[in-house]
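Notes for the structure review
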Amino acid sequence: MKTLVVYTSQTGFTKRYAGWIAGKAKADLFDLKDVQGKDASFFEAYDALIYAGWCMAGKLVKLNWFLDKATRLKGKKLAAVAVGASPNESPDVAAFMENILPDEHRQYVKAFYCQGGIDYEKMKLPSKLMMKLFASSLKKSKDEKTRETGSLIDHSYDISDIRYTEPLLSFLSQES
């Protein structure tokens with residue numbers, strides 16, 4: 001199966017996951033910047049299209065770009081991979097994943113989540129300030145779990161692991 005992995009990454013976690021996925025799936029790998037101007041025939045040449053993006057403020061960055069392509073490629077294997085700072089088992093992740101795709105796309109696009117981390121040194125200033133303010137507000141909460149989350153995201157950390165690509169790779173290997 002000819003597979004294309006397209007990603008956008010701010011601090012490197014999504015790029016890492018996209019590379020792991022492309023390597024395991026023997027897929028072509030492109031940064032979103034390099035394929036945004038490509039015409040439909042470029043994407044139609046593939047049997048599967050995987051989009052990997054990073055999470056910000058409850059959204060998957062550039063998801064609309066992918067969904068626009070997916071609408072025209074309904075007969076192919078289509079997947080969106082969200083890479084975020086929360087651990088996979090977090091209830092916030094479950095809630096996020098329930099709402100990641102609009103209803104009209106759930107029939108033909110599969111969504112996956114991979115825990116990544118935070119790297120404040122690579123983060124753009126507006127994102128860094130927003131995350132630091134968010135962490136500070138969480139640490140002031142009366143709820144212990146919320147304070148723990150605030151303490152976690154107050155500094156850089158890496159909880160990424162190649163094993164979180166396994167559900168997506170399994171999806172790719174299933175017969176249509």
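Refer to the structure printed above.
Residues numbered from 1 in each chain as written. Predicted model: local features only at pLDDT ≥ 70, side-chain atom pairs only at ≥ 80, totals over all residues. Heavy atoms only, no water.

Thoughts on the pairing of strand E2 (residues 28–31)
Of the pairings in the sheet, the one linking strand E1 (residues 3–7) to E2 comprises four bridges and is parallel in character. Among the inter-strand pairings, Leu4 is bridged to a residue of E2, identified as Asp28. As a crossover connection, the stretch from E1 through helix H1 (residues 13–25) into E2 is right-handed. (Pairing = 2+ DSSP bridges. Helix = DSSP H or I, 4+ residues; strand = E, 2+ residues; numbered from the N terminus. Right-handed = clockwise from strand over helix to strand, strands pointing away.)

Notes on helix H4 (residues 63–71)
Among the residues of H4, Leu63, Trp65, Phe66, Leu67, Lys69 and Ala70 are the ones counted as buried. If you follow the buried residues of H4, they end up packed against E1, helix H2 (32–35), helix H3 (40–44), strand E3 (48–56), strand E4 (59–60) and strand E5 (77–84). (Buried < 20%, exposed > 50% of the residue type's maximum accessible area, 1.4 Å probe, protein only. Contact = heavy atoms within 4.5 Å.)

A few points about the packing of H1 against helix H8 (residues 166–173)
The packing of two helices is summarised by the inter-axis angle and the distance between the axes. Taken N-terminus to C-terminus, the directions of H1 and H8 make an angle of 35°; their axes are 11 Å apart at the nearest point. Relative to H8, the crossing made by H1 is right-handed. Across the interface between the two elements, Ile21, Lys24 and Ala25 of H1 pack against Leu168, Leu169 and Leu172 of H8. (Axes fitted to C-alpha atoms, helices over the stretch in contact; angles between N-to-C directions. Left-handed = near helix turned anticlockwise from the far one by under 90°.)

Honestly, it's all geometry; don't read function into it.
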